[in-house]
Amino acid sequence: AKEIELQLKLVRKRILANAYLQTLQKQTVGEAEVQQYYEEHKAQYEQIQVRRLSVPFLVPTENGRPLDRSAVKAEMDELRKRAVAGEDLDALQQDAYKHLHVQAAPPTVNVLTVQRYSVQGDEAKALELKPGEISEVLDLPASFAVLKIESKDPVPLRSVHQQIDATLRGSRVKGEVNKLGSTIRAEFNLQYLEMPAQPDLFADEIPHFRGAL
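Quick summary incoming for the structure in this document. Values in this document were obtained by computation on a predicted structure and should not be read as measured data.

### Notes on the side chain of Thr 61
Note on placement: Thr 61 falls in the loop between strand 1 (46-56) and helix 3 (69-84). Among the polar contacts made by the side chain of Thr 61, one reaches the side chain of Asn 63 at a distance of 3.0 Å.

Structure representation (structure tokens):
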């Protein structure tokens, strides 16, 4: 009977917790909050036009062997110097495939539109450059690449309003959960578990536990 009562209490608490989270998630975010967040993070929502000169690591070659990474890096370093000097990126892309004996048609270096939140790591850092500037050679998971920033334009608030609203809702829920979690104190009930002492596993992690609930 005690075990059933305990299980029922846990179920009730779980239901109440889920209901509380749903209530938090349904709370509206004010327009002023959205506007303020947008103004404080405006750079994050820029539309950035870039051109990408790159050589993938997994491409067919004349000898059938994978590309040597050091050779690709050396080639890209040289091509970057030529790009900074003003040479056409499409021509440099063709030279990269030719010099490395890649048996595939080089892609056209078209203008791509990206946003900061859509990329990570060194590629995200490269987006900090000003229009007209060219990045260092980036060692990406699938390729070596060089980015040229063509232009930057702000994204209208209406285009990212829903995304910002979701971000603020998630932050609010996380903050409330953390606030509640900070008030919880766990105790190791040795009597309930029928153990003479708490295991060593818990001794280091939670030394303040005691035998009484």
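### What about unusual backbone geometry?
Most peptide bonds take the trans form, and the phi angle of most residues other than glycine is negative. We note that His 101 has phi near 60°; this positive angle belongs to a residue other than glycine. Secondary-structure assignment places His 101 in the loop between helix 4 (89-99) and strand 2 (111-114). Among the residues examined, His 101 registers a relative accessible area of 42% and is labelled partly exposed.

### Describing the packing of aromatic side chains
For the coordinates displayed, the defined rule picks out 2 aromatic pairs. Seen in terms of ring centroids, Phe 57 and Phe 144 are 5.2 Å apart; in terms of plane orientation they differ by 90°. Their pairing is edge-to-face. Of this pair, Phe 57 sits in the loop between strand 1 and helix 3 while Phe 144 sits in strand 4 (residues 143-154), placing them 87 residues apart in sequence. Stacked on the ring of Phe 57, the Lys or Arg Arg 69 has its end atom at 4.2 Å from the ring centre.

Cut-offs and rules
- Residues numbered from 1 in each chain as written.
- Predicted model: local features only at pLDDT ≥ 70, side-chain atom pairs only at ≥ 80, totals over all residues.
- Heavy atoms only, no water.
- Helix = DSSP H or I, 4+ residues; strand = E, 2+ residues; numbered from the N terminus.
- Polar contact = N/O pair within 3.5 Å; in protein donor to acceptor, adjacent residues only side chain to side chain.
- Buried < 20%, exposed > 50% of the residue type's maximum accessible area, 1.4 Å probe, protein only.
- Phe/Tyr/Trp six-rings, centres within 6.5 Å; stacked < 30°, edge-to-face > 60°.
- Lys NZ or Arg CZ within 6 Å of the ring centre and 35° of its normal.

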